[in-house]
Amino acid sequence: MLIVTAAALIRADGLILLQKRPEGRDMAGLWEFPGGKLEPSEQAEAALARELDEELGISVDPQNLAPTCFASAKIRDKDLLLLLYCCREWQGTPQPLEGQELDWFAVIDMYRLPMPPADLPLIDLLERILRD
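As a starting point, this report considers the structure included with it.

Calculation rules
Residues numbered from 1 in each chain as written. Predicted model: local features only at pLDDT ≥ 70, side-chain atom pairs only at ≥ 80, totals over all residues. Heavy atoms only, no water. Pairing = 2+ DSSP bridges. Helix = DSSP H or I, 4+ residues; strand = E, 2+ residues; numbered from the N terminus. Axes fitted to C-alpha atoms, helices over the stretch in contact; angles between N-to-C directions. Phe/Tyr/Trp six-rings, centres within 6.5 Å; stacked < 30°, edge-to-face > 60°. Buried < 20%, exposed > 50% of the residue type's maximum accessible area, 1.4 Å probe, protein only. Lys NZ or Arg CZ within 6 Å of the ring centre and 35° of its normal.

1. Notes on the sheet that holds strand β4 (residues 35-37)
Here is step 1: With respect to topology, 4 strands assemble into an open sheet ordered β4-β1-β6-β5, the strand pairing being mixed. A strand with exactly one partner marks an edge of an open sheet, and here the two such strands are β4 and β5 (66-75). Strand-to-strand twist across the sheet, computed as the mean angle between neighbouring axes with direction ignored, equals 20 degrees.
Here is step 2: Across 8 bridges, strand β1 (residues 2-9) lies against strand β6 (residues 78-87) in parallel orientation.

Printed below as a string of C-alpha cells:
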C-alpha cells in the first residue's frame with residue numbers, strides 16, 4: 001500500500017490551492033492537492049510539511065495540519081491511500097518549485113476539474129466539512 005499525504009491549503013477567503021501535475025509525470029495535466037509520499041518510518045504530518053516545503057517553498061508547522069478525510073484508489077498495480085489534511089496557517093507564499101501550475105479554487109469549482117482518482121472523492125468530503 002502506498003500512503004500519500006496531501007493538504008487543502010485554505011486562504012482566509014475560503015479558496016483552496018491546487019497544483020497541476022506537470023508534463024512528463026504520471027497523470028500529467030490533472031489538478032491535485034499538494035503533498036506526496038511518506039518516507040519509511042516518517043510520520044504523516046512531518047512528511048506533509050516536508051513535501052509542502054519541497055513543492056511550494058512554504059513552511060508549515062505539523063501542528064497546523066488538521067486531519068480531515070481520506071480516500072483510496074487503485075493506481076495501476078498499487079493500492080493508494082490518500083490522507084487529506086486542512087491547513088489555514090503557513091509561512092511564505094506558495095511557489096511552483098517543481099514546474100507545476102498553481103491556482104486557487106472554491107470547492108464548488110473543483111468538481112469541473114480533471115483530478116486523479118484518489119482526489120475526486122475528497123471534494124465532496126471537503127465541501128461537507130467546510131460547510132459545517
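2. Some thoughts on the sheet that holds strand β7 (residues 101-105)
Here is step 1: The sheet built from 3 strands is open, its strands ordered β3-β2-β7 with antiparallel pairing. Strands with a single pairing partner mark the edges of an open sheet, and in this sheet they are β3 (31-32) and β7.
Here is step 2: Looking at chain direction, strand β2 (residues 16-20) and β7 are connected through 5 bridges and run antiparallel. Bridge pairing in β7 places isoleucine 16 opposite phenylalanine 105.

3. What about the packing of aromatic side chains?
Here is step 1: Inspection of every chain in the model, using the stated rule, returns 2 aromatic pairs.
Here is step 2: Their ring planes at 75 degrees and their centres at 5.2 Å tell us that tryptophan 31 and phenylalanine 105 sit as a pair that is edge-to-face. With tryptophan 31 in strand β3 and phenylalanine 105 in strand β7, this residue pair connects regions lying 74 residues apart in the sequence. Of the two residues, tryptophan 31 and phenylalanine 105, both sit in the buried class.
Here is step 3: Between tryptophan 90 and tryptophan 104, the aromatic rings sit 6.2 Å apart at their centres with planes inclined by 15 degrees, giving stacked as the arrangement. Of this pair, tryptophan 90 sits in the loop between β6 and β7 while tryptophan 104 sits in strand β7, and the two are 14 residues apart along the sequence.
Here is step 4: On the accessibility criterion, tryptophan 104 (22% relative accessible area) is partly exposed.
Here is step 5: The cationic tip of arginine 11 hangs over the ring face of tryptophan 104; the distance from NZ or CZ to the ring centre is 4.7 Å.

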